[in-house]
Amino acid sequence: MTHKLDIDEPDEIISAAGRVTAAAGAVTGRATSTIAGLTPLGTARCDLDNALLGVLHWVKTSCTAAATSDSRDSTAAQRFIVQAAHAITTADDHGRAAVRRVRDQA
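Thresholds applied
Residues numbered from 1 in each chain as written. Predicted model: local features only at pLDDT ≥ 70, side-chain atom pairs only at ≥ 80, totals over all residues. Heavy atoms only, no water. Helix = DSSP H or I, 4+ residues; strand = E, 2+ residues; numbered from the N terminus. Buried < 20%, exposed > 50% of the residue type's maximum accessible area, 1.4 Å probe, protein only. Contact = heavy atoms within 4.5 Å. Areas by Shrake-Rupley, 256 points an atom, 1.4 Å probe, with all protein chains shown as cover. Axes fitted to C-alpha atoms, helices over the stretch in contact; angles between N-to-C directions. Parallel < 35°, antiparallel > 145°, perpendicular 65-115°, else oblique. Nonpolar A, V, L, I, M, F, W, Y, C, P; charged D, E, K, R; others polar. Patch = residues over 30% accessible without salt bridge, like charges linked within 9 Å, V, L, I, M, F, W, Y side chains within 5 Å. Salt bridge = Lys/Arg side-chain N within 4 Å of Asp/Glu carboxyl O. Lys, Arg positive; Asp, Glu negative; His and termini not counted. Charge placed at Lys NZ, Arg CZ, Asp CG, Glu CD. Expected span 1.5 Å × (residues − 1).

1. Regarding the overall build of the chain
Assigned secondary structure in the chain consists of 2 helices and 0 strands. Counting across all 106 residues of the chain, residues that qualify as buried make up 10%. Sequence separation of 24 or more characterises 58% of the internal contacts of the chain that already satisfy a separation of 6 or more. Here the chain displays about 8300 Å² of accessible surface, and carbon together with sulfur accounts for 59% of that area.

Dropping the structure here:
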């Protein structure tokens, strides 16, 4: 699906960020489901089988951590974008020349 990127209004910026975050979440869900489905056939019969099970566990753990980290990062980015868009709207509404963070106003 293709979306035209229209970000000249804060609501449009928030909407675009929401679409990106939703897409990241969907990919994370599919990735973690696929990773969870990686299971060996049968049981370990020798030392090599046991070693390969250890490698499989490492691969699953590493890939799941990477996928969930990406999802958390995109969610954090969306929160920041929403806050920035609201700050821009507030600045526009009040005719201010600059947008400042709360901690910068002290």
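Here the narrative resumes.
2. Looking at the side chain of S71
By the element assignment, S71 lies in helix 2 (residues 47-94). What S71 contacts, discounting residues up to four positions off in sequence, is G25 and T28.

3. Remarks on the packing of helix 1 (residues 10-36) against helix 2
Running from N to C, helix 1 and helix 2 point in directions that differ by 170°, and their axes come no closer than 9 Å. By the angle between their axes, helix 1 is roughly antiparallel relative to helix 2. Residue composition of the contact of helix 1 with helix 2, by class: 14 nonpolar, 13 polar and 1 charged.

4. Notes on a negative patch on the surface
On the surface, a cluster of negative charge is contributed by D8, E9, D11, D92 and D93. Mapped onto the elements, E9 comes out in the segment before helix 1. Note on E9: relative accessible area 44%, which makes it partly exposed.

5. A short note on helix 1
Since the α-helix turns once every 3.6 residues, residues separated by three or four places project in the same direction. The end-to-end C-alpha distance of helix 1, which contains 27 residues, comes to 39 Å, matching closely the 39 Å that a straight helix rising 1.5 Å per residue would cover. Listed as buried for helix 1 are P10, A16, A17, T21, T28 and I35. Tucked inside the fold, the buried residues of helix 1 contact helix 2.

6. Re the environment of L38
Its location among the elements puts L38 in the loop between helix 1 and helix 2. On the basis of relative accessibility, which here comes to 38%, the residue L38 falls in the partly exposed class. Spatially, the C-alpha atom of L38 lies 9.7 Å from that of V59, the residues being 21 residues apart in sequence. Contacts of L38, omitting those with residues within four sequence positions, involve L56 and K60.

7. Some points on the side chain of S74
With respect to the secondary-structure elements, S74 resides in helix 2. Those residues in contact with S74, other than ones at most four positions away along the chain, are T21 and A24.

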